[in-house]
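Tertiary structure, described
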Amino acid sequence: MGVLNVTPDSFSDGGKFLEPELAVEQAFAMANAGADLLDVGGESTRPGSKQISAAEELDRILPVLEALRGRLKIPISVDTRRAAVAELALHANAEIINDISGLQHDPKIAGVASRQCAALILMHIRGEPRTMQAGPFARDVVKDVMQGLRRSVAVARKAGVARSQMVLDPGIGFGKSFAQNYELLQRLPQLARLGYPLLVGTSRKGFLGATWARNGKPAPPEERLWGTAATVTASILNGAHIVRVHDVREMVEVARVADCLRDPKRRPSN
């Protein structure tokens, strides 16, 4: 899954693709680089970010979705916490809803997914984006994530969303300590017991910058490529079905090799 942030303030690429023309160009570049899905978002949910209005979010993403209609050959996911935004995005060409709040912010998203028969990605978050990294963090992060995702699934199922429509995301970096992010990657097989496909997003995140800190300063996002590659490999080997990344071309290579490690049938013959 390629990440396309149509925002001025995302932690890694904020402002790069705010203009619709640049966003459309990047969408095609990611598809040509091997992305299987495209995740378009109009609101930054980085640590410390401030909420914007639904109107502003739609102003950012709708021109991009409309411009890609009938032209992009891979499915589009809309990264939003609002039912109204999700519904209009689905009408404008999106096929998947990616809710980083796991239906906590606006449970009506579940009804939209049910009515439109759209796939629904439910992510675990502890707190709100503005304050989530201020703590306190969970004592048992895996238990906390599993309980939270079960609650999200229950809300979705009550609204009529089929099991086959749902994907779960443990929410790396969303209300977890740096060490807990690593623990979640290590223990992904336990999360798989929930019985849903798993999406994992580690790309360029802060815990990787902290791991590669120099002179007390974290490595900047653009220098976290190899750390991302290591965590993408770990995610796939531990059972992730989808990896959400900024650097599509490089991570396609990483994923292909990781797939060969998991599945002998994918290995090249001499």
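Definitions and limits used
Residues numbered from 1 in each chain as written. Predicted model: local features only at pLDDT ≥ 70, side-chain atom pairs only at ≥ 80, totals over all residues. Heavy atoms only, no water. Helix = DSSP H or I, 4+ residues; strand = E, 2+ residues; numbered from the N terminus. Rg over C-alpha atoms; globule rule 2.2 N^0.38 Å. Buried < 20%, exposed > 50% of the residue type's maximum accessible area, 1.4 Å probe, protein only. Contact = heavy atoms within 4.5 Å. Areas by Shrake-Rupley, 256 points an atom, 1.4 Å probe, with all protein chains shown as cover. Lys, Arg positive; Asp, Glu negative; His and termini not counted. Charge placed at Lys NZ, Arg CZ, Asp CG, Glu CD. Arc of directions from axis to C-beta. Polar contact = N/O pair within 3.5 Å; in protein donor to acceptor, adjacent residues only side chain to side chain. Phe/Tyr/Trp six-rings, centres within 6.5 Å; stacked < 30°, edge-to-face > 60°. Pairing = 2+ DSSP bridges. Axes fitted to C-alpha atoms, helices over the stretch in contact; angles between N-to-C directions. Salt bridge = Lys/Arg side-chain N within 4 Å of Asp/Glu carboxyl O. Patch = residues over 30% accessible without salt bridge, like charges linked within 9 Å, V, L, I, M, F, W, Y side chains within 5 Å. Parallel < 35°, antiparallel > 145°, perpendicular 65-115°, else oblique. Left-handed = near helix turned anticlockwise from the far one by under 90°. Nonpolar A, V, L, I, M, F, W, Y, C, P; charged D, E, K, R; others polar.

Considering the overall build of the protein chain
Tallying secondary structure elements over the protein chain gives 10 helices and eight strands in all. Taking 2.2 N^0.38 as the reference for a compact globule, 270 residues should give roughly 18 Å; the C-alpha atoms of the protein chain span a radius of gyration of 18 Å, in line with that estimate. With respect to the three principal axes, the spread of C-alpha positions in the protein chain is 45 × 40 × 40 Å. Counting every position in the protein chain, which comprises 270 residues, the buried fraction comes to 53%. Excluding contacts between residues fewer than 6 apart, the proportion of contacts in the protein chain whose partners are at least 24 apart in sequence is 66%. When the accessible surface of the protein chain is totalled, it reaches about 12,800 Å², and 52% of it is carbon and sulfur. Looking at the protein chain, you have 35 positive and 29 negative side-chain charges, and the mean spots of the two groups are 7 Å apart.

Considerations on helix H3 (residues 83-91)
By the burial criterion, the buried members of H3 are Ala 83, Val 85, Ala 86, Ala 89 and Leu 90. Considered in projection along H3, the buried side chains sweep an arc of 160 degrees and stay on one side of the axis. On its buried face, H3 sits against helix H2 (54-68), strand E3 (76-79), strand E4 (96-99) and helix H4 (108-116).

Some remarks on the side chain of Ser 77
Examined against the element boundaries, Ser 77 turns out to sit in strand E3. Judged by its relative accessible area of 0%, Ser 77 falls in the buried class. Among the polar contacts listed, one links the side chain of Ser 77 to the side chain of Asp 39, at a separation of 2.7 Å. Setting aside chain neighbours within four positions, we find Ser 77 in contact with Met 1, Leu 38, Asp 39, Val 40, Ile 96, Ile 97, Asn 98 and Ile 121.

Observations concerning the packing of aromatic side chains
Under the criterion given, the structure shown has one aromatic pair. Arranged with centres 5.0 Å apart and planes meeting at 80 degrees, the rings of Tyr 182 and Phe 207 form a pair that is edge-to-face. Pair noted here: Tyr 182 is in helix H6 (residues 178-186) and Phe 207 is in helix H8 (residues 206-211), with a separation of 25 residues, a long-range link. Classification of Tyr 182 by relative accessible area gives partly exposed; the value is 35%. Note on Phe 207: relative accessible area 1%, which makes it buried.

Here's the deal with the sheet that holds E4
Strand order in the open sheet formed by six strands is E1-E2-E3-E4-E5-E6, and the pairing between neighbours is parallel. The outermost strands of the open sheet, each flanked by one partner alone, are strand E1 (2-5) and strand E6 (166-169). Strand-to-strand, the axes of this sheet are offset by a mean angle of 20 degrees, without reference to chain direction. When E3 meets E4, the two strands line up parallel, connected through three bridges. Bridged to Ser 77 within E4 is Ile 96. Contacting E1 and strand E2 (38-41), helix H1 (residues 20-33) runs over the sheet at an angle of about 175 degrees to E1.

Observations regarding the pattern of salt bridges
Going through the model one piece at a time under the given rule, you end up with 15 salt bridges. Residues Arg 204 and Asp 247 are paired through a salt bridge, measuring 2.6 Å at the closest nitrogen-oxygen approach. Separated by 43 residues along the polypeptide, Arg 204 in the loop between strand E7 (199-200) and H8 and Asp 247 in the loop between strand E8 (242-243) and helix H10 (248-262) bring together distant segments of the chain. Accessibility classification places Arg 204 together with Asp 247 in one group, the buried group. A salt bridge links Arg 266 to Asp 263; the nearest nitrogen and oxygen atoms lie 3.8 Å apart.

Some remarks on the environment of Pro 268
By the secondary structure assignment, Pro 268 is in the segment after H10. Residue Pro 268 is classed as exposed on the basis of its relative accessible area of 70%. Taking the C-alpha atoms as reference, Pro 268 lies 39 Å from Ala 113; in sequence the two are 155 residues apart.

Thoughts on a nonpolar patch on the surface
Together, Leu 237, Val 257 and Leu 261 line one region of the surface with nonpolar side chains, adding up to about 270 Å² of accessible area. By relative accessible area, Leu 261 is classed as exposed at 52%.

Re the packing of H2 against H3
One can describe the packing of H2 onto H3 by two numbers: an axis separation of 10 Å at closest approach and a directional angle of 15 degrees. Classified by the interaxial angle, the pair formed by H2 and H3 is roughly parallel. In the crossing of H2 with H3, the sense of the turn from one axis to the other is right-handed. Where H2 abuts H3, its residues Ala 54, Glu 57, Leu 58, Ile 61, Leu 62 and Leu 65 lie against Val 85, Leu 88 and Ala 89. When its residues are assigned to classes, the contact of H2 with H3 shows eight nonpolar, no polar and one charged.

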